[in-house]
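# Summary of the model geometry
The chain contents come next:
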Amino acid sequence: MSFEPKILGFLCNWCSYAGADLAGVSRIQYPPNIRVIRVMCSGRVDPEFIFEGLLTGLDGVIVMGCHPGDCHYLEGNYEAEKKFNMVKKFLELINFENRIRLEWVSASEGARFAEVVTDFTNQIRELGPSPINKSEADKRLREKLQAMKMAVSNYRMRALVGRERDITENENAYGDKTPLEKFENIFNKAIRDEFYRHYILLKLNQSPKSVKDLAKEIEIDPSEVLDHLLILKGRGQVDMENIIGITPIYISLMEG
Amino acid sequence: MKDTKNENEDIRIGVFVCHCGSNIGGLIDCKKLAEYARSLPRVAHSEDNLYTCSETGLSSIKKAIKEHNLNRVIVASCTPRTHEPLFRECISEAGLNPYLFTFVNIRDQCTWVHMKEPDKAYEKSKDLIRMGVYRAAKLEPLEKIKININPTALVIGGGVAGMSAAISLCKQGFKTYLIEKEKELGGRLRSLHRLFPHDIDASELLNKFYSEMDKLNNLIVYTSCTINHLDGFIGNYQVELEKEGELINIDVGAIVVAIGSEVLVPNGLYSYDGKKVITQLQFEEILKLGQVNAKNLVMIQCAGSRNDDIPYCSSVCCMTALKNAIVCKELNPDVKITILFRDIYTPGTFYEEYYRKARENGVVFMRYTSDKPPIVENGVVKVHNQYLNRMIEIPNDLVVLSTPLIAREDNEFLAKLLKVPLESNKFFLEAHVKLRPVDFATDGVFVCGTAKWPTDISESITQGQAAASRAGLILSHETMEVEGATSYLPEHNKDLCKGCEVCIKVCPYKAIKKNEKGEIEIIQALCKGCGLCGASCTKKAITIKHFTNEQILSEIKALGGEVA
Amino acid sequence: MMSESKKALVIGGGVAGIQSALDLADMGIKVELIEKKPAIGGRMAQLDKTFPTNDCSICILAPKLAECYRHPNITIHTLAEVKSIKGTAGNFEVEVFKKARYVKEDACINCGLCAEKCPMRVDDEFDRELRKRKAIYMYYLQGVPAVMTIDAEKCLYLTKGACRLCEKNCDRNAIDFEMKDSTIILDNIGAIVVASGYSLLEDVNKKFLNTYGYKKFRNVVTALEFERLLSASGPQSGHIKRFSDEKSPKKIAFLQCVGSRNERLHNYCSSICCMYATKEAMIAHEHDNDIESYIFYIDIRAGGKGFQDFIQRGVNEYNIKYVKSKIAQVYIDKEENPVLTYEDLDSGEIKQLTVDMVVLSTCITPPKDIKDLSDSLGIELNEYGFIQTKPYFPIETTKEGIYTCGCAHEPMDIPRSVTEASAAAARAAELIKGGSY
């Protein structure tokens, strides 16, 4: 039996969910792989949800909202887009970004809804089943996704993405606007940093480790690991437990 | 953060699978679906019905709630967008809080769209029902919040729009304060002479308003009065006014902004000097006094508008020019008047007629294009005539510039005070250009007249009345019920809040603020439940009722098969 | 002081009527909403997108339709028309004629089976006769009330006594051929709002449009027809194919002021055509980036909020060229491509332009039956044939207690119609609640 993807869709009540209903009323057929969670606004979709969906073994996640300018709650879809883009950037670090999609579908676009779902289902079908369910090697992938989920639940990334529109679209007290490019640079670096920080945290949650251990498991330079550990220490999330020989061992101070 | 309320409650879910005639039942086995539902954790009862939305179906639900002591209900049938209110009402009649209900869409988004794959449609329905069951287990009862409404209105601005709004509100039965910055009411009407298109005198119309207002005993007018300070939200505003040095505090339920606009003074344009080159408003003064000495007049339309600085069309300038030209011709039929225009803006029935009237009165019209604007020099206007394809010179002793209406300087102050937005030209920005043209996105505040956009008298009056209707419908009720599925910051999460204010920034309705103690307050009356604050909260402290993180995550996990 | 149990009557279920009804109902006043067609929604339901934001028309209308339907204070009477009224402001009695639907509103669930079986194919008015529907039909898919209707003039059973296939196939026994046209009396009406909307030139005077090739040349359509073609739920699902050879048009000409600003026909300006032609050209371009549009005009009228920016975007981003020249006649060449002759003002030359399709921006006219309506209500029409109003108070008709809004009295766009609808509600409320007029 060939692979049939299992896809999760977040549909906003006013546009995309209505568009999906219209496809139904018009009897426009599309593949039965999608399972819909209704939210009032696409802006409700917390980045954490997308990671949860992927971690639970779903092969694809799609978020659909109103066309820009049409959001029932005025600006929700703009926020949805920012959050989605953040998730996408994280997933690009592990070549996973093709398993998620953001689309604008209005309440009158029944045919388009069906088209989008068909297209996305085909895309996922070609990618194959989500790798996180399978072998030992893919256990690492699962860990990385978990680290990303932790990162998007963390203060720093949420503050950055929550303030993105304000920073890039409005002038500050001095009448200056932060150019999008400058913000993008800061943002991209933050994504990378927070991913590794939370990966480190996840590893330390499993057991205490040295810098060398961590560098090996996570596959980055020990100096980079140390930089991250210092930040994490400053945040009160890790500490040095003891020293074995001349090697410091770090532990996580987080529960669970 | 775990919500401890649920843990001790014995959750008893009832699942009602609808056949919807043959729309669902004709493709998949609803009985089997109901059995499957029954096998899920915390499901105390399940059944299948032919038409759950019918009287029979609804009675069946109520019966089952009583017999099986259900405290959560799921209907698996069509779409919540049609029948959710119906089923909420039904369970409410059986004594359950209406928010303890969830809908599973197995028709519009399942059997109707997978007609050739009944097996897969069945599997999908199972998944969706399972998701619904896990969501239902996390649902909480919610109360709609009731707020009191003070049946009093405040209208800011005493021009035609403001007066129309105030008159209508009073006639609807609401005490209304009308405040005006100047010493007298009337706004721009007091500077006008003749009104287009019906050619009556401005004072005639103004007197009509005065006599209407005299009859109203629930209208309180404060002239020479400005607004200092404002606090509160819909139904409950506290406003501090200042009238000639004296402070007046009033409490109102709704506010209408009608502060009008200014006329652009075209300094630096077309050699404007206020003597030989004047504005239409200045020309109006001259016409009022009957003192037109000029023999050759040139009017220039779009003077200072439809360009890079002021990109819009001010809609009333063409009619103003036509009117003043007609009045001028009445005073002296021999005066030569040439109107240089880009497009003549006379839409509709009467206005187009008025254009014809001006032409019949001998006014000459000459078109110019934006890339070759007229040049005003001493006693002569040079303009490129398209039909002759050359520059021509029009001798004149007076040039009248038709300049646009622009936003008032104090729009910014009022916008900040009321927490309402301005658009790129600094006019007030309404909630929706088409469907909510006199509302602000923030509930309880309304806008009308040229404060919103250049428009004529008829429409200013109509907008004032419209704002009175929109404000009136709020003031008509003693209390207002606010949607229960709002956002809130639970007590036990208050210490999580870092005060980062991201929630305040992302809220489209300005429903979140920081109080004097520096704590985040979500004004329930203004919250629309979109969920942006919850999804953005940097400490995940804010909860969105009825769409909580726990509820959504449990649906996701149920789909993935991670069940508990 | 009038008792608050007085009701309001709103005539017309388009966006203006709906807005008026909702405002009044939210104030606590009971509303009887009278609509001629089988469903409410009016012209806005026929539009694909609306200017100046180009947002989807039905998407922003549908929540209002649902709200109207569910509102405890609003009773919707579809297939209904006002026949006569008695009484005065504050106390009207209204006679309403209701055509039989032949379908039980509370039984029909809109599953569509009946229409599948119906053998009669009929021109679909909602789609401007560009496609067919059945004798039992939904006026349009998202219509409210969401139930079927039987066209008594086209139904085989109602005209010839045969068939009844729909009835045989209905699971819900929703078909009832015993229903009859009826007349009901609505009393206790305090105020009336007339929101009867408009017709278009092609509805009242097809002959005049022959000069422009309408109904003569296959590649000439009217603006509302083009709107239906552009619509995702319309007869071509938004993929425009011209009628002569099914080719996708690349050059489209919009002719403005067709029938309006015309001393021999309608001397007024139809107000919205400059904007809607631009809108249609933009949407066409969105569907096919190769499309270039020419808009032939006399004066561009774009004074509303955001309208001038809209026109500018048309020029900058959507390949629209505005040509100041009124086209008087349309010809075609051997391949049925429309050919236009116009004066190029920049060069002073007479030029010819061959396009693939011509869209006529036809004039808004008063509804065909407006004289019947105004007679029934005892209100006057003005010299343009629209409802007469008081100078500077366009909500007031010539009769106390009867108010009007929207295109019923003057061609206007949606923002103005909605504003006026609220204003009419205010006036009606003043009368009903405040007792004064």
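Residues numbered from 1 in each chain as written. Chains lettered and ligands numbered in written order. Predicted model: local features only at pLDDT ≥ 70, side-chain atom pairs only at ≥ 80, totals over all residues.

### Here's the deal with the overall build of chain A
Worth spelling out the cut-off: What counts as a helix is a DSSP run of H or I of at least four residues, what counts as a strand is a run of E of at least two, and both are numbered from the N terminus. Any residue surrounded by 20 or more other C-beta atoms within 10 Å of its C-beta is treated as buried, while 12 or fewer makes it exposed and the intermediate range makes it partly exposed; C-beta atoms here are placed from the backbone. The contact criterion used here is simple: two residues whose C-beta atoms, placed from the backbone, lie within 7 Å are in contact.
A tally of helices and strands in chain A yields 9 helices and 7 strands. Seen through its C-alpha atoms, chain A measures out along the principal axes to roughly 70 × 60 × 30 Å. Within the span of chain A, comprising 256 residues, buried residues form 52% of the whole. A fraction of 72% describes how many contacts in chain A between residues 6 or more apart in sequence connect residues 24 or more apart.

### Notes on the pairing of strand β2 (residues 34–39) of chain A
Residues and elements named next belong to chain A. Rule in force here: Note: two strands are recorded as paired if DSSP finds a minimum of 2 bridges between them. Crossovers are marked right-handed if the path from the first strand over the helix to the second runs clockwise, as seen with the strands pointing away from the viewer.
Of all the 6 residues making up β2, 6 are buried; the element is thus mostly covered by neighbouring parts of the structure. Bridge count for strand β1 (residues 7–12) against β2 is 6 bridges, and the pairing is parallel. Pairing of Ile7 across the sheet is with Ile34, part of β2. In this view, the connection linking β1 to its parallel neighbour β2 by way of helix α1 (residues 16–25) has right-handed handedness.

### Here we look at unusual backbone geometry
Residue and element names in this part refer to chain B. In this model, Phe196 is joined to Pro197 through a cis peptide bond whose omega is -10°. Here the phi dihedral of Glu244 falls at roughly 50°; this positive angle occurs in a residue that is not glycine. Structurally, Glu244 is set in the loop between β12 (236–243) and β13 (246–252). Here Asn389, not a glycine, exhibits a phi torsion of approximately 55°, which is positive. Its 11 C-beta neighbours within 10 Å are what place Asn389 among the exposed residues.

### Regarding the interface of chain A and chain B
In this complex, chain A contributes 41 residues to the contact, which on the side of chain B involves 45 residues. Elements that contribute at least two residues to the side of chain A that touches chain B include exactly α1, β2, α2 (47–55), α3 (76–92) and α6 (155–169) of chain A.

### A look at the sheet that holds strand β7 (residues 175–179) of chain B
Residue and element names in this part refer to chain B. In plain terms, the rule: With axes taken as lines fitted to C-alpha atoms, and helix axes fitted only over the stretch in contact, angles between N-to-C directions fall between 0 and 180 degrees.
Across the sheet, which stays open at both edges, the 5 strands sit in the order β10-β7-β6-β14-β25 with parallel pairing between neighbours. Where the open sheet ends on each side, the last strands, each with one partner, are β10 (219–222) and β25 (445–447). Averaged over all neighbouring strand pairs, the angle between strand axes comes to 20°, with direction disregarded. Across 5 bridges, the pairing between strand β6 (residues 152–156) and β7 is parallel. Across the sheet, Ala153 pairs through a bridge with Thr176, a residue of β7. Those strands touched by helix α12 (residues 457–475) are β6, β14 (254–257) and β25, and its axis lies near 170° from that of β14.

### Considering the domain arrangement of chain A
All names here are of chain A. Here is the rule we go by: The domain limits used here are those given by an automatic or database domain assignment. In this classification, Asp, Glu, Lys and Arg are treated as charged, Ala, Val, Leu, Ile, Met, Phe, Trp, Tyr, Cys and Pro as nonpolar, and every other residue, Gly included, as polar.
Taken domain by domain, chain A comprises domain 1 (7–130) and domain 2 (154–252). A straight line from the C-alpha centre of domain 1 to that of domain 2 covers 29 Å. In terms of residue class, the side of domain 1 that touches domain 2 is built from 4 nonpolar, no polar and 3 charged.

### Let's talk about the sheet that holds strand β23 (residues 398–401) of chain B
Residue and element names in this part refer to chain B. Strand order across the open sheet formed by 5 strands is β16-β23-β17-β18-β19, with parallel pairing between neighbours. Looking at which strands have only one partner, the edges of the open sheet turn out to be β16 (277–279) and β19 (364–367). Each strand axis lies, on average, 25° off the axis of its neighbour in the sheet, ignoring direction. Where helix α8 (residues 280–288) meets the sheet, it contacts β16 and β23, and its direction lies at approximately 90° from that of β16. Relative to strand β18 (residues 336–341), helix α9 (residues 317–331) is tilted by about 175°, and along the sheet it contacts β17 (296–300) and β18.

### Focus on the nonpolar core
What counts is decided by this rule: Any set of buried Ala, Val, Leu, Ile, Met, Phe, Trp, Tyr and Cys residues joined through C-beta atoms within 7 Å is what this text calls a nonpolar core.
The biggest cluster of nonpolar side chains holds 411 residues, and the ones touching the most others in it are Val15, Val133, Val256, Val257 and Phe446 of chain B together with Val193 and Ala428 of chain C. Among the elements that take part in this core, helix α12 (residues 414–434) of chain C stands out by supplying 11 residues, more than any other. Residue contacts for Val15 of chain B: discarding those within four places in its chain leaves Ala34, Ala37, Val43, Ser46, Ile74, Ala76, Ile129 and Val133 of chain B.

### A few points about the confidence of the model for chain C
Quick reminder of the rule: As a per-residue quantity, pLDDT reports the predictor's confidence and falls between 0 and 100.
Summing up the model confidence of chain C, the mean pLDDT is 93 and the portion of residues at 70 or higher is 99%. The complex prediction reports pTM at 0.84, with the ipTM value standing at 0.94.

### Looking at the packing of helix α9 (residues 273–287) of chain C against helix α10 (residues 307–317) of chain C
Geometry of a packed helix pair, given as the angle between the helix axes and the separation of the axes. Residues and elements named next belong to chain C. The condition that has to hold: Between 65 and 115 degrees an angle is taken as roughly perpendicular, under 35 as roughly parallel, over 145 as roughly antiparallel, and anywhere else as oblique. Left-handed describes a crossing in which the near helix is turned anticlockwise from the far one by less than a right angle; the clockwise case is right-handed.
Where α9 contacts α10, the axes come no closer than 10 Å and their chain directions differ by 40°. Between α9 and α10, the angle is such that the two are oblique. For α9 against α10, the interelement crossing comes out left-handed. Judged by residue contacts, Met275, Thr278, Ala281 and Met282 of α9 engage Phe307, Phe310, Ile311 and Gly314 from α10.

### Considering the domain arrangement of chain C
Residue and element names in this part refer to chain C. Each domain of chain C was delimited in the assignment, giving domain 1 (7–99 + 181–198 + 366–434), domain 2 (113–169) and domain 3 (200–364). The distance between the C-alpha centroids of domain 1 and domain 2 comes to 27 Å. Considering only residue class, the side of domain 1 that touches domain 2 consists of 11 nonpolar, 3 polar and 1 charged.

### Section: the pairing of strand β7 (residues 91–98) of chain C
All names here are of chain C. With 8 bridges connecting them, strand β6 (residues 80–88) and β7 associate as antiparallel partners. Residue pairing for β7: Ala80 is matched across the bridge by Lys98. Between β6 and β7, which follow one another and run antiparallel, lie 2 residues, and Gly90 among them has a positive phi close to 95°. Two strands pair when backbone bridges link them, and β7 and strand β12 (residues 182–194) are joined in this way by 6 bridges, in the antiparallel orientation. When the sheet's bridge partners are listed, Val96 is paired in β12 with Ile184.

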